[in-house]
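Report on the structure
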Amino acid sequence: MDAPARTLGIGQRFFLAIACQLWLWVNLFSEASEFEAIAVSIVQLVAVVLISFRLRHMPSINDRWVRIVILVVVLVVAAVDLTIAGKELAGFSLWFSTRKLVPVAGFLAFAGAIYCFFKAPTRIMLLLYTVSFVAGMRAIALMLSAQGSSETGNFGTLTIVEAVVSMIYPLVFIFRGHYTPIPEPEATSDGK
């Protein structure tokens, strides 16, 4: 069984929430360019690897496979974004169609962000929320750019809505953040 959740200090919660919120807003309000898309994709890929290592060392997680699926979706969006941005930067024509895979991946990414609201607001869930929300925003940006929409280059209604919605979970984390539960030792002689 899991040990009781321990509350993080307000300073820790505030710092982590602000850092994740800044990452969300940097991705949302930055100008769309190939260099930025590549940088975002690389950071997302590194985050997926680090979170995956963290999940591997957490035997107490009962729904580990759900979180792995979320990370795979983030990985797919980051890989597609990196490939498209790299090809455009190199001057090659786009060979990858975003019409089928990216909308599905975007939907799953936002579903992953929503999933985080149904779990205790731990540090790992805040990170999972952040990377999945960014993946969803990148998927929307890819769809809009594939359609030639001008919404990708300016701060329209969609951008404002995404900015406001992205703040909800970090605020929840500030007020209710916990440490990730630590599993109790299986065999102990002193009962500690």
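Focus on the packing of aromatic side chains
Geometrically, a pair of aromatic rings is defined through the distance of the ring centres and the angle of the planes. Following the criterion strictly, the structure yields 5 aromatic pairs and no others. Taking 5.3 Å as the distance between ring centres and 80° as the angle between the ring planes, the aromatic pair formed by F110 and F133 counts as edge-to-face. Taken together, the positions of F110 in helix α4 (residues 101-116) and F133 in helix α5 (residues 123-146) put the pair 23 residues apart, joining distant regions of the chain. Ring centres of Y129 and Y169 lie 4.9 Å apart, and the angle between their planes is 25°; this geometry places the pair in the stacked category. Linking Y129 in helix α5 with Y169 in helix α7 (residues 168-176), this pair joins segments that are 40 residues apart in sequence. We note that Y129, like Y169, is buried. Connected via pairs of aromatic rings, a cluster forms that spans F110, F117, Y129, F133 and Y169.

Observations regarding the pattern of salt bridges
Applying the stated criterion to the full structure yields 1 salt bridge. When the shortest N-O distance is used, the salt bridge between R138 and D81 registers 2.7 Å. With R138 in helix α5 and D81 in helix α3 (residues 64-90), this residue pair connects regions lying 57 residues apart in the sequence. Judged on exposure class, the residue R138 and its partner D81 are both buried.

Some remarks on α4
Between the first and last C-alpha of α4 there are 23 Å, a value that for 16 residues agrees with the 22 Å anticipated at 1.5 Å per step. Taken together, the buried positions of α4 are occupied by V102, A105, G106, A109, G112, A113, Y115 and C116.

Overview of the packing of helix α6 (residues 157-166) against α7
For any two helices packed against each other, one specifies the inter-axial angle together with the distance between the axes. Where α6 contacts α7, the axes come no closer than 5 Å and their chain directions differ by 15°. Classed by the angle they form, the pair α6 and α7 counts as roughly parallel. Residue-level contacts link V164, V165 and S166 of α6 to I168, Y169 and P170 of α7. Its residues assigned to classes, the contact of α6 with α7 shows 5 nonpolar, 1 polar and no charged.

Brief notes about the packing of α5 against α6
Between α5 and α6, the shortest axis-to-axis distance is 12 Å and the interhelical angle comes to 170°. Relative to α6, the element α5 is oriented roughly antiparallel. Of α6, the residues touching α5 (which contributes Y129, F133, M137, I140 and L144) are L158, E162, V165 and S166. A class-by-class count of the residues in the contact of α5 with α6 yields 7 nonpolar, 1 polar and 1 charged.

With respect to the confidence of the model for the protein
Per-residue pLDDT for the protein averages 79, and the proportion of residues at 70 or more is 75%. Low confidence marks residues 185-189, where pLDDT is under 50. Its contacts with residues over four positions away, or in another chain, come to 1 contact.

Structural notes on a nonpolar patch on the surface
A surface patch of nonpolar side chains, amounting to about 620 Å² of accessible area, comprises F14, I18, L22, W25, F29, I160 and V164. Among the secondary structure elements, those contributing two or more residues to the nonpolar patch are α1 (10-29) and α6. Looking at the nonpolar patch, the element that brings in the most residues is α1, giving 5 residues. Mapped onto the elements, I18 comes out in helix α1. Using a relative accessible area of 37% as the deciding quantity, one classes I18 as partly exposed.

Overview of the side chain of S166
Tracing the chain through its elements places S166 in helix α6. By relative accessible area, which is 1% here, S166 ends up buried.

Thresholds, definitions, all that
Residues numbered from 1 in each chain as written. Predicted model: local features only at pLDDT ≥ 70, side-chain atom pairs only at ≥ 80, totals over all residues. Heavy atoms only, no water. Phe/Tyr/Trp six-rings, centres within 6.5 Å; stacked < 30°, edge-to-face > 60°. Helix = DSSP H or I, 4+ residues; strand = E, 2+ residues; numbered from the N terminus. Buried < 20%, exposed > 50% of the residue type's maximum accessible area, 1.4 Å probe, protein only. Salt bridge = Lys/Arg side-chain N within 4 Å of Asp/Glu carboxyl O. Expected span 1.5 Å × (residues − 1). Axes fitted to C-alpha atoms, helices over the stretch in contact; angles between N-to-C directions. Parallel < 35°, antiparallel > 145°, perpendicular 65-115°, else oblique. Contact = heavy atoms within 4.5 Å. Nonpolar A, V, L, I, M, F, W, Y, C, P; charged D, E, K, R; others polar. pLDDT = per-residue confidence, 0-100. Patch = residues over 30% accessible without salt bridge, like charges linked within 9 Å, V, L, I, M, F, W, Y side chains within 5 Å. Areas by Shrake-Rupley, 256 points an atom, 1.4 Å probe, with all protein chains shown as cover.

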